[in-house]
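The primary structure of each chain is shown beneath.
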Amino acid sequence: MGDADAREARAELLRLRASIDNIDAALIFMLAERFRCTQQVGRLKAEHDMPASDPGREEQQTARLRALAEEAHLDPEFAEKWFNFVVAEVIRHHTEAAEGR
């Protein structure tokens, strides 16, 4: 690989990494917004003695997100693992809200 090719490759690498960094930042802010919404759901459930988890809703969301992942050419198994991780954290928050923490 010549010097010019190496410089072009490095420049492309920096450009791609900058894009990845921007996407990561957007994901963090989107997750924060998602958790703000789920915290409101948790308070509502706690105020009305509703269960912290909703298996029917979780099942619907899993199917919906798997379909979206396929459409986006993302591994549906990965999307489901991510969703299950997020739901576990949400349920923990809802349980804490119900216990008055």
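Residues numbered from 1 in each chain as written. Predicted model: local features only at pLDDT ≥ 70, side-chain atom pairs only at ≥ 80, totals over all residues. Heavy atoms only, no water.

S.K.: How should helix α3 (residues 76-98) be read in this particular structure?
M.R.: Note that an α-helix has 3.6 residues per turn; residues three or four places apart therefore point the same way. Here α3 contains 23 residues, and its C-alpha end-to-end distance of 32 Å stays within 8% of the 33 Å for a straight helix at 1.5 Å per residue. P76, A79, F83, V86, V87, V90 and H94 are the residues of α3 that are buried. Where α3 is buried, its residues contact α1 (3-47) and α2 (55-71). Sitting at the head of α3, D75 places a side-chain oxygen 3.0 Å from the backbone nitrogen of E77. Taken from the residues just after α3, G100 is the one with a positive phi, measuring 80°. (Helix = DSSP H or I, 4+ residues; strand = E, 2+ residues; numbered from the N terminus. Expected span 1.5 Å × (residues − 1). Buried < 20%, exposed > 50% of the residue type's maximum accessible area, 1.4 Å probe, protein only. Contact = heavy atoms within 4.5 Å. Polar contact = N/O pair within 3.5 Å; in protein donor to acceptor, adjacent residues only side chain to side chain.)

S.K.: Looking at this model, I keep getting lost on the UniProt feature "domain: Chorismate mutase" (unreviewed entry) in the protein. Mind explaining?
M.R.: The sites that UniProt annotates as "domain: Chorismate mutase" (unreviewed entry) are residues 7-98. Taken end to end, residues 7-98 has its terminal C-alpha atoms 57 Å apart, with 88% of it in helix and 0% in strand. (UniProt positions renumbered as here; feature names shortened; annotations may be inferred.)

S.K.: When you look at the packing of α2 against α3 in this model, what are you seeing that I'm missing?
M.R.: Their axes nearest at 9 Å, the elements α2 and α3 cross at an angle of 145°. When you trace α2 past α3, the crossing you get is right-handed. Contacts between α2 and α3 involve E58, Q61, T62, L65, R66, A69 and E70 on the former and, on the latter, P76, E77, A79, E80, W82, F83, N84, V87 and I91. (Axes fitted to C-alpha atoms, helices over the stretch in contact; angles between N-to-C directions. Left-handed = near helix turned anticlockwise from the far one by under 90°.)

S.K.: Could you clarify how one ought to interpret α1 in this entry?
M.R.: Counted at 1.5 Å a residue, the expected span for α1 with its 45 residues is 66 Å, and the 66 Å between its end C-alpha atoms agrees. When we look at burial in α1, the residues that qualify are A6, F35, T38, G42 and K45. Contacts made by the buried residues of α1 are with α3. With its phi angle positive at about 50°, D49 sits one or two positions after the end of α1.

S.K.: Quick question: what am I supposed to make of a nonpolar patch on the surface here?
M.R.: Judged by side-chain polarity, L74, F78 and W82 come together as a nonpolar surface patch covering roughly 300 Å² of accessible area. Among the structural elements, L74 can be located in the loop between α2 and α3. (Patch = residues over 30% accessible without salt bridge, like charges linked within 9 Å, V, L, I, M, F, W, Y side chains within 5 Å. Areas by Shrake-Rupley, 256 points an atom, 1.4 Å probe, with all protein chains shown as cover. Salt bridge = Lys/Arg side-chain N within 4 Å of Asp/Glu carboxyl O.)

S.K.: Got a minute to help me understand the side chain of T38 in this structure?
M.R.: Inspection of the secondary structure assignment puts T38 in helix α1. Exposure remark for T38: the relative accessible area of 12% places this residue in the buried category. If near-sequence neighbours (up to four positions away) are discounted, T38 is found in contact with V90 and H94.

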